[in-house]
Amino acid sequence: KAPAKAGTDIATLPDPTLPQIDRAWNLALAGVGGTGVLTISAILGMAAHVEGKIPMVLDMAGLAQKGGAVMSHVRISRPDRPVAAPRIAAGSADLLIAADPVVAASKEAILLCAPDRTEVILNTHLAPVSDFIRQRDFDFRQPQVMASISAATRVRHVHDFSALAKALTGDEIGANLMMLGHAWQSGLVPLAKESILEAIRLNGVAVKANSEAFDWGRRLAHDPAAVTALAHPPQAPEPLTLSAL
């Protein structure tokens, strides 16, 4: 499917009020390896460096980097008050980017969240796990997964980012940068968009596609109804044939 045409002009979107960093800003990132999800942590680390802030990134991919659970801790602090440890303390995540809901509902991810502090950008798309290959009727327990994430977080921004990315950019892998753009436009990321876009450029991988996915996430946060309609336009009725008359 060809990528959708741009809807809202990105130049007309209002810039949000960005959060201020006191001691540190903490992002927990939960997803599945091999989908580009850890690109978010790399880009945010570089964007913080571009701004003169102090980034600390701890990626935990384990042995199963493709198709397995991955977690990342991203901490950004001020130069005058740098943090010493990259690991987020229990209950102190300011933002959870849940690229995969099953991984986000794991004990390791939920432990980092607090219902009075942590906001979440949640992708409802369920990626198949290894158990699904061996057992085709494997129960993902989606209601319990969503309930666990909801109970552990404060404000929730929920979309099927994978389906939207496929429709809008032509590739599901754009979901990760869409989620980052959505988080930024929602005023949840303490970095200037210019720094993030520069970090995407410096990353040197799919620069145009990643920048466009970031912008689509911004549009989605600003006007979800319009972007969703653009991604999933109503189907035109099938023309009648003589056999149908």
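Residues numbered from 1 in each chain as written. Predicted model: local features only at pLDDT ≥ 70, side-chain atom pairs only at ≥ 80, totals over all residues. Heavy atoms only, no water.

Our next topic: the pattern of salt bridges. One pass over the structure, following the stated rule, counts 10 salt bridges. Lys193 is the salt-bridge partner of Glu194, the closest N and O atoms lying 3.4 Å from each other. (Salt bridge = Lys/Arg side-chain N within 4 Å of Asp/Glu carboxyl O.)

With that settled, the discussion passes to the packing of helix α1 (residues 39–50) against helix α8 (residues 193–203). Between α1 and α8, the shortest axis-to-axis distance is 8 Å and the interhelical angle comes to 115°. Considering only the axes of α1 and α8, their crossing is right-handed. Counting all contacts with α1, which are made through Thr39, Ile43, Met46, Ala47 and Val50, the residues of α8 involved are Ser195, Ile196, Glu198, Ala199, Ile200, Leu202 and Asn203. Grouping the amino acids of the contact of α1 with α8 by side-chain chemistry returns 8 nonpolar, 3 polar and 1 charged. (Axes fitted to C-alpha atoms, helices over the stretch in contact; angles between N-to-C directions. Helix = DSSP H or I, 4+ residues; strand = E, 2+ residues; numbered from the N terminus. Left-handed = near helix turned anticlockwise from the far one by under 90°. Contact = heavy atoms within 4.5 Å. Nonpolar A, V, L, I, M, F, W, Y, C, P; charged D, E, K, R; others polar.)

Along the chain, the position of Leu29 falls in strand β1 (residues 25–32). The sequence separation of Leu29 and Ala93 amounts to 64 residues, and the corresponding C-alpha distance is 9.8 Å. If we skip the residues at most four places from it in the chain, Leu29 touches Val37, Leu38, Ile40, Ser41, Val70, Met71, Ser72 and Ile97.

The subject of this paragraph is the packing of helix α7 (residues 175–185) against helix α9 (residues 207–222). Packing of α7 against α9 leaves a shortest axis separation of 6 Å and a crossing angle of 45°. When the axes of α7 and α9 are compared, the pair comes out oblique. Remark: the crossing between α7 and α9 carries right-handed chirality. Contacts between α7 and α9 involve Leu177, Met178, Leu180, Gly181, His182, Trp184 and Gln185 from the former and Asn210, Ala213, Phe214, Trp216, Gly217, Arg218, Leu220, Ala221 and His222 from the latter. The class makeup of the residues in the contact of α7 with α9 is 9 nonpolar, 6 polar and 1 charged. (Parallel < 35°, antiparallel > 145°, perpendicular 65-115°, else oblique.)

Here we come to helix α5 (residues 142–152). For α5, the full list of buried residues reads Val145, Met146, Ile149 and Ala152. Buried residues in α5, looked at end-on, bunch into an arc of 135°, giving them a common side. What points out from α5, more than 90 degrees from its buried face, is the exposed set Pro143 and Ala151. Those residues of α5 that are buried are in contact with α2 (101–104), α3 (107–110) and β5 (119–123). (Buried < 20%, exposed > 50% of the residue type's maximum accessible area, 1.4 Å probe, protein only. Arc of directions from axis to C-beta.)

One non-glycine residue, Ala206, adopts positive backbone phi at about 45°. Residue Ala206 is classed as partly exposed on the basis of its relative accessible area, which comes to 44%.

Within a sheet, each strand pairs with its neighbour through backbone hydrogen bonds, oriented either parallel or antiparallel. A sheet is described by the order of its strands in space; here 6 strands give the open sequence β2-β3-β1-β4-β5-β6, paired in mixed fashion. Each having just a single partner strand, β2 (54–60) and β6 (156–159) make up the two edges of the open sheet. The sheet shows a mean angle of 10° between the axes of neighbouring strands, direction not considered. One ladder, built from 4 bridges, connects β1 with strand β4 (residues 95–98); its direction is parallel. (Pairing = 2+ DSSP bridges.)

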